[in-house]
Structure formats: C-alpha cells, structure tokens
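# Structural overview for review
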Amino acid sequence: MGRKRVGILLNSAMHRGIPRRKTGQESLLNYEEAASVYDMTPCYLKLEDIDTHSGFCYAYIKESQGYRRTVIPIPDVIHNRAIYSRENAGMEQLIRKGPLVFNTCNRYGKDVIHELLGLNPELRRFLPATEKGMSGLKYMMTRFPDLILKPCRGSVGNGVMRLTRRENGGWSWSYRSQLARRWVSVPIDQDALPRQLLHRLAVVPYLVQERIPLAEITGRPFDLRVTVQRGWGGEWQITGLFAKLAPPGGFVSNIARGGEAVPSSLALERVFSGEKASNIRMSAGSLGLAIARCLEQSLPGLADIGLDIGITGEGHPYFIECNGRDQRYGFHKAGLAETWKESYNRPMSYARYLLERVERG
C-alpha cells in the first residue's frame, strides 16, 4: 500500500504560491519531511477546490518535477492552516461530510479567549485586569496608570494602542501612525479624548487591559511565545519557547512589527539567575498546558496554538494572547532550527494518530 494522504488546508494567497515555491513564512519542506516520518504524503488544499458533493478535490502534491495539481479523494484528515471563523459555511459543510479537520477554527476573538479562561478559578491569577469598549476604558483609566488597547479581532499587533498616565496627571496616547509608519505619542485629555481615538474604538470592538510591567533587556520589554500542540496520542505537549523583544523604544513585541526573536533561555538569563530562569521556563510551559486544556473544553478541534506569556520583573507569568494559527517561523528566526522543524512534526504525528483512529472505525 502507498503512503497515506494528509490534507494541509491553506489560504488562497499562499496556495497560489505553491507552484513557484512562494509560500511566505510557511515551510512546505518541513511538512513534507515530517509527513514522511509517519509514512504520509501532504496534499495542499484550498477550501474552494473541495467538492463535498462528489467527495473529490484538487490538491497540489510534491513530485520529482515539482508540485502537480491533481484530483484526489478528499483526505480523511485535514490540518487547517487557513484563517476561517467558526461560522464559515464552507468549513461547516466540509466537517459535516466527514473528514477530521483539526484546528477547525483558528481565529478567536481576544475577548472570547479571555472570558473562557476567566471562568477557570485556577487561571484567573494569570490574567491581566481586562474591560471592554468605551465604558471599560473610562473605568480602567481610574484604576491603572498604564493601559494596552487591543482590537478583539486582529493579529501581528495591528491596531494596538497604549495609554500612559503622565506625572502631571494627564495622559499620553501611543499608536502606530500608518502615514508616518512609526509609533507616535501625543498628550490627551482624559475628559476630552481625541476624535481619532474615539473613532477607532467605535469601528471595531476593543479590549482594554492593564499593561503588565514586563521584564526588560536594555529597556526593551519581552514576552515568551509558548507553542503547545497535540501529537501522537492526542495529548497536549510543549513543543518549544522563544522570547520576543520589542524594538528599541517600542512596547509591541510582534516580530511582524519589528520585534526580535531570541532563545527564551538567553532572554531570561539576562534578567534572572540561571535557576530562576529555568523555573520561569517551566512555569510558562505549565501555564501553557493548563490554558490549552481549558480552551479545548469549549473550542472543538483545537490542536495547535501559540501562547504569548508575559513575565514581570519579579518573574510572575501572565497570559497575554492566544494565536490559533501559530506563526512558527519565530523559532527559525531565533536560531532554533530543530524546534522549528518539530513544530511541523508534531501536527503530522497527530494527523497520523487520527488517520489510524479513522481506519479502526
């Protein structure tokens, strides 16, 4: 018998780049090497090419001469790496027809995740104080001198803002200027917020959170990206960690916004003793596993997440954000090549586990 097929569902733009091997930060080679270990062939799909009525689909498959687009039966197991909401009609139809799709939905509102974690008494102490919308902003400005404002839906730091109380009692508003393509800070009046700020809060829902006083390296705050994935047997495991440093003068650590990826041990040992740095790494991993196990109870198909865990100067971990489509290239940028490859290997081992379950009926 030939190799088993596993579907890799990509968004349309990335899928178009496959014949030219232009898939951005997603490594097809890593998928192919990992799938080979488990005697599988990855088949690269896009939702529009799947015909649930006939049971067939178009897929790109790697051959000796490159990638060939061919018609195949819909794979029994599909790893979703495209962005779809929980209400996507095409995804719902696909799931109803029978393939096991893991990471079914990988875009959740930040407010939804925070509320789910807040229901768990054991996790509440790892959550920053959080409110929502304009009323939440006014309330939080009376409680905390430093606030982070985040769009409930968004990624790679888009739309993030900061409000900081100044020594004279006024406030500074920091945001990324699209025109100047840099961060700017302007003084504002708490009782007469700028029209531009009010407009941003009116257009999309925002979370308002206390800004955690993150540990810093030469004035650059950093947090940890903790990759948590299901592997063989379906159990959650920590694949790896790396640190994300904000750019000089910045407060957002996203790599796509100028942040720098470095090994977590290197960052932590610049701030803490070796023993404490090791304990913090273990605590961040334990917190990541607890968060994954909590979220899986409410989010069907969850199997592969990247968690941003902030560390205070005293070493206390805080949950910052959950990424349903973990951008694994951070491991590569941090020089952690083996962990980068493992972040592809683990979902392929989970796919093989699911395939064997399908075969057993």
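As a starting point, this report considers the structure included with it. As the structure is a prediction and not an experimental result, all values here were calculated from the model.

Rules of the game
Residues numbered from 1 in each chain as written. Predicted model: local features only at pLDDT ≥ 70, side-chain atom pairs only at ≥ 80, totals over all residues. Heavy atoms only, no water. Helix = DSSP H or I, 4+ residues; strand = E, 2+ residues; numbered from the N terminus. Rg over C-alpha atoms; globule rule 2.2 N^0.38 Å. Buried < 20%, exposed > 50% of the residue type's maximum accessible area, 1.4 Å probe, protein only. Contact = heavy atoms within 4.5 Å. Salt bridge = Lys/Arg side-chain N within 4 Å of Asp/Glu carboxyl O. Axes fitted to C-alpha atoms, helices over the stretch in contact; angles between N-to-C directions. Parallel < 35°, antiparallel > 145°, perpendicular 65-115°, else oblique. Nonpolar A, V, L, I, M, F, W, Y, C, P; charged D, E, K, R; others polar.

## Comments concerning the overall build of the protein
Helix and strand counts for the protein come out as 10 helices and 19 strands. At 22 Å, the protein has a C-alpha radius of gyration in line with the 21 Å of a compact globule built from 361 residues. Taken along the three principal axes of its C-alpha coordinates, the protein extends 75 × 45 × 40 Å. Going through the 361 residues of the protein one by one, you find that 54% of them count as buried. Long-range pairs, those at least 24 residues apart, make up 61% of the contacts in the protein with a sequence separation of at least 6.

## What about the pattern of salt bridges?
Applying the stated criterion across every chain yields a total of 19 salt bridges. K4 serves as the salt-bridge partner of E359, at 2.7 Å between the closest nitrogen and oxygen. Of this pair, E359 sits in helix α10 (residues 337-360) while K4 sits in strand β1 (residues 4-9), placing them 355 residues apart in sequence. Here R68 and E63 are joined by a salt bridge, their closest N and O atoms 2.8 Å apart. Relative accessible area serves as the criterion here: at 42%, R68 is assigned to the partly exposed category. A network of salt bridges, in which partner residues are shared, links D223, R225, K244, D308 and D326.

## Focus on the packing of helix α4 (residues 110-118) against helix α8 (residues 274-295)
The contact between α4 and α8 brings their axes to 10 Å, and the two run at 100°. One element, α4, and the other, α8, form an angle in the roughly perpendicular class. Contacts from I113, L116 and L117 in α4 reach I291, C294 and L295 in α8. Grouping the amino acids of the contact of α4 with α8 by side-chain chemistry returns six nonpolar, no polar and no charged.

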